[in-house]
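Close look at the chain arrangement
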Amino acid sequence: MTPAEVAEALLVSEPKSRVGGPYGQEDFSDGVKAFYDAGRLACVALDAVSGPQVWLAGFPLAGSDPGEGQQFLWDHAAEHGNCILFTPDESFALTDLGILLRDQQVGEARLTRPLFVKESWLESEYYRDRLPLEGVMD
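Now for a description of the structure that goes with this document. Remember, it's a predicted structure, so these values are computed and weren't measured experimentally. (Residues numbered from 1 in each chain as written. Predicted model: local features only at pLDDT ≥ 70, side-chain atom pairs only at ≥ 80, totals over all residues. Heavy atoms only, no water.)

Digging into the pairing of strand 3 (residues 32–37)
For strand 3, the buried fraction is high: 5 of the 6 residues fall into the buried class. Relative to strand 3, strand 2 (residues 24–28) is paired through 5 bridges, and the arrangement is antiparallel. In the strand pairing of strand 3, G24 is matched with Y36. Linking strand 2 to strand 3, which pair antiparallel, is a turn of 3 residues; within it D30 sits at a positive phi near 65°. Bridge count for strand 3 against strand 4 (residues 40–46) is 6 bridges, and the pairing is antiparallel. Its bridge partner being in strand 4, Y36 is matched across the sheet by L41. (Buried < 20%, exposed > 50% of the residue type's maximum accessible area, 1.4 Å probe, protein only. Helix = DSSP H or I, 4+ residues; strand = E, 2+ residues; numbered from the N terminus. Pairing = 2+ DSSP bridges.)

Printed below as a string of structure tokens:
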């Protein structure tokens, strides 16, 4: 998707803000961040608290206990034959579904923050290990 198509899908005319850098980033209301590679959508990151809730087989991916989230993804992978990836920061991904489950500090708690990532970014150590790319410097 292009940035215009993302805005249209989110039913907004413009993002709340744009961030420059080696990739494009647009921050939308309601805890949604879009990251672009060569002008095409590459990753969507949802905030653990203010982002929309998304579900996988009845499990809430945003705002859950990280241990429960990882166990759910592990069980889902075992049941459905998904490919699993662990990252150096102990995040868990189902690569064939493009789901990367990160932790987000919220006050005293850590909650799950889902990212939906294109395959080539999950395969790239640079992107995978830095996603969602906020504040990343070259």
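Points about the sheet that holds strand 2
Reading across the sheet, the 8 strands line up as 1-2-3-4-10-9-8-7 and stay open at both edges, with antiparallel pairing between neighbours. The outermost strands of the open sheet, each flanked by one partner alone, are strand 1 (17–19) and strand 7 (84–86). Going from strand to strand, the sheet's axes swing by 25° on average, the running direction of each strand aside. In the packing of helix 2 (residues 66–80) onto the sheet, the strands contacted are strand 7, strand 8 (92–94), strand 9 (99–106) and strand 10 (109–117), and the crossing angle to strand 8 comes to about 30°. (Axes fitted to C-alpha atoms, helices over the stretch in contact; angles between N-to-C directions. Contact = heavy atoms within 4.5 Å.)

With respect to the nonpolar core
Of all hydrophobic cores here, the largest spans 15 residues; its most connected members are V117, W121 and L131. Breaking this core down by element, the ones donating at least two residues are strand 4, strand 10 and helix 3 (119–123). Per element, the largest residue contribution to this core is 3 residues, and it comes from strand 4. Setting aside residues up to four positions removed in sequence, L131 forms contacts with C43, L100, R102, L115, V117 and W121. (Core = buried A, V, L, I, M, F, W, Y, C linked by side-chain atoms within 4.5 Å.)

Looking at the packing of aromatic side chains
Describing an aromatic ring pair means giving the distance of the ring centres and the angle of the ring planes. By the definition in use, this model includes 7 aromatic pairs. Taking 4.6 Å as the distance between ring centres and 10° as the angle between the ring planes, the aromatic pair formed by F59 and F72 counts as stacked. Separated by 13 residues along the polypeptide, F59 in strand 6 (residues 59–60) and F72 in helix 2 bring together distant segments of the chain. You can call F59 buried: its relative accessible area is 13%. (Phe/Tyr/Trp six-rings, centres within 6.5 Å; stacked < 30°, edge-to-face > 60°.)

The values are spatial; any link to function lies outside them.
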